[in-house]
Amino acid sequence: MNVFENIRVSQIDSVVLIENAAEQTRRINNRFAYAISFCISGQITYHFEGKDYVSSPDRVIFIPMGKTYTVTCEKSGIFPLINFYCCEDISEYGFCSLGLERNEYYLKAFESLRKSFSLHNTTRDIRCLAAFYDILSHIAGETVNSDSLILKGAMQYLEANYSDPALNNQVLADIANISEVYFRKLFSKVYSLPPGKYIQQLRISKAKELLKDNSMSISQISENCGYTSVYHFSRAFKASVGQSPGQYRKSFASTLF
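An account of the accompanying structure is given in this report. (Residues numbered from 1 in each chain as written. Predicted model: local features only at pLDDT ≥ 70, side-chain atom pairs only at ≥ 80, totals over all residues. Heavy atoms only, no water.)

1. Some points on the overall build of the protein
When helices and strands are counted, the protein shows 10 helices and nine strands. Against the globule reference of 18 Å for 257 residues, the protein gives a C-alpha radius of gyration of 24 Å, more extended than a compact globule. By its C-alpha atoms, the protein is 85 × 40 × 30 Å across when sized along the principal axes. In the protein, buried positions account for 42% of the 257 residues. When contacts within the protein are restricted to residue pairs at least 6 apart in sequence, long-range pairs at least 24 apart make up 76% of them. On the protein, roughly 13000 Å² of surface is accessible, and the fraction owed to carbon and sulfur atoms is 50%. For the protein, the separation between the mean place of its 27 positive charges and that of its 25 negative charges on side chains is 6 Å. (Helix = DSSP H or I, 4+ residues; strand = E, 2+ residues; numbered from the N terminus. Rg over C-alpha atoms; globule rule 2.2 N^0.38 Å. Buried < 20%, exposed > 50% of the residue type's maximum accessible area, 1.4 Å probe, protein only. Contact = heavy atoms within 4.5 Å. Areas by Shrake-Rupley, 256 points an atom, 1.4 Å probe, with all protein chains shown as cover. Lys, Arg positive; Asp, Glu negative; His and termini not counted. Charge placed at Lys NZ, Arg CZ, Asp CG, Glu CD.)

See the structure below:
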């Protein structure tokens with residue numbers, strides 16, 4: 001699921017413009033609130049758990065609450081920031097850096113929100129929440145259509161490396177530059193299967209093709225399809241197909257005569 005589809009705001013803490021100077025690095029410990037960050041000019045990079053999330057004029061960053069990370073400014077610039085609290089914990093999504101096609105709209109919407117936040121009247125909170133939800137809905141509307149694009153690199157790697165026994169969710173999430181939890185949810189949404197199940201079905205499909213040809217032994221097919229042992233391959237194959245690899249090969253061979 002798209003993180004921006006799941007944000008339920010309980011309170012907006014602050015709406016600010018952050019000016020960052022080039023070659024400046026800061027460490028943030030146990031961040032006090034969630035945030036989304038835009039970019040008017042310049043470029044900064046968030047470093048979190050060995051990954052980089054770039055904030056530039058064509059991207060928006062979701063920053064989770066309670067995380068410790070560093071921020072490096074590569075190019076001096078101005079970065080609109082909205083700090084907020086949620087009705088439930090969504091920190092499991094981790095950092096997200098997503099491309100936007102209409103950056104000018106978001107900068108205008110941010111400025112409108114900032115003006116509303118500076119007011120001191122009884123309708124301020126409602127007006128701010130309405131403006132913020134409008135921003136979030138537009139981001140969700142853009143990014144929901146690009147979910148498969150976020151996964152594109154990971155899917156290309158998966159298709160090329162399905163035979164690697166070390167292939168797992170974390171490897172693919174790193175390629176997609178999103179957290180493992182977010183990767184699992186996004187993958188399941190786009191492909192209607194958990195990634196592990198998808199990989200297994202792909203391996204079994206490849207194994208069925210190879211079993212139709214007698215040029216490879218079952219042991220070789222097992223290895224070529226990413227299984228660490230013939231035993232594990234045979235169990236997975238029978239659970240999926242209803243026959244052992246040997247039985248499948250024999251039943252297919254019998255249909256040729």
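2. Regarding the side chain of T72
Examined against the element boundaries, T72 turns out to sit in strand β7 (residues 69-75). Among the polar contacts listed, one links the side chain of T72 to the side chain of H47, at a separation of 3.0 Å. Setting aside anything within four residues of it in sequence, one finds T72 in contact with Q24, T25, Q43, I44, T45 and H47. (Polar contact = N/O pair within 3.5 Å; in protein donor to acceptor, adjacent residues only side chain to side chain.)

3. Things to note about the sheet that holds strand β3 (residues 34-37)
For sheets, the rule is that strands pair by backbone hydrogen bonds, running either parallel or antiparallel. Within the open sheet, the five strands sit side by side as β1-β8-β3-β6-β9. Their pairing is antiparallel. Of all the strands in the sheet, the pair left with one neighbour each is β1 (9-20) and β9 (96-99). Geometrically, the sheet is characterised by an average inter-axis angle of 20° between neighbouring strands, direction not taken into account. Summarising the sheet, strand β6 (residues 59-63) and β9 pair through four bridges and their orientation is antiparallel. Looking at β9, one finds that V60 is bridged to L98. Taken strand by strand, helix α1 (residues 103-117) contacts β1 and β8 (77-86), and its axis lies near 115° from that of β1. (Pairing = 2+ DSSP bridges. Axes fitted to C-alpha atoms, helices over the stretch in contact; angles between N-to-C directions.)

4. Overview of the sheet that holds strand β4 (residues 43-48)
On the basis of which strands lie adjacent, the open sheet formed by four strands has the order β2-β7-β4-β5 and antiparallel pairing. In this open sheet, the two edge strands, each paired with only one partner strand, are β2 (24-28) and β5 (51-55). Taken pair by pair, the neighbouring strands of this sheet meet at an average axis angle of 20°, ignoring direction. Strand direction decides the pairing type here: β4 and β7, joined by five bridges, are antiparallel. Its bridge partner lying in β7, Q43 is registered against K75.

5. As for the pattern of salt bridges
One pass over the full model with this rule turns up six salt bridges. Here E111 makes a salt bridge to R114, at a shortest N to O gap of 3.1 Å. One end of the pair, E111, and the other, R114, are both in helix α1, three residues apart, so they sit about a helical turn from each other. Its relative accessible area of 28% is what places E111 among the partly exposed residues. Between E180 and R184 there is a salt bridge, and its shortest N-O distance comes to 3.5 Å. Here E180 pairs with R184, and both are found in helix α6 (residues 180-191), just four residues apart, close to one helical turn. The class for R184 is partly exposed, based on a relative accessible area of 35%. (Salt bridge = Lys/Arg side-chain N within 4 Å of Asp/Glu carboxyl O.)

6. Observations concerning the side chain of S14
For S14, the location among the structural elements is in strand β1. A polar side-chain atom of S14 sits 2.9 Å from a polar atom in the side chain of N83.

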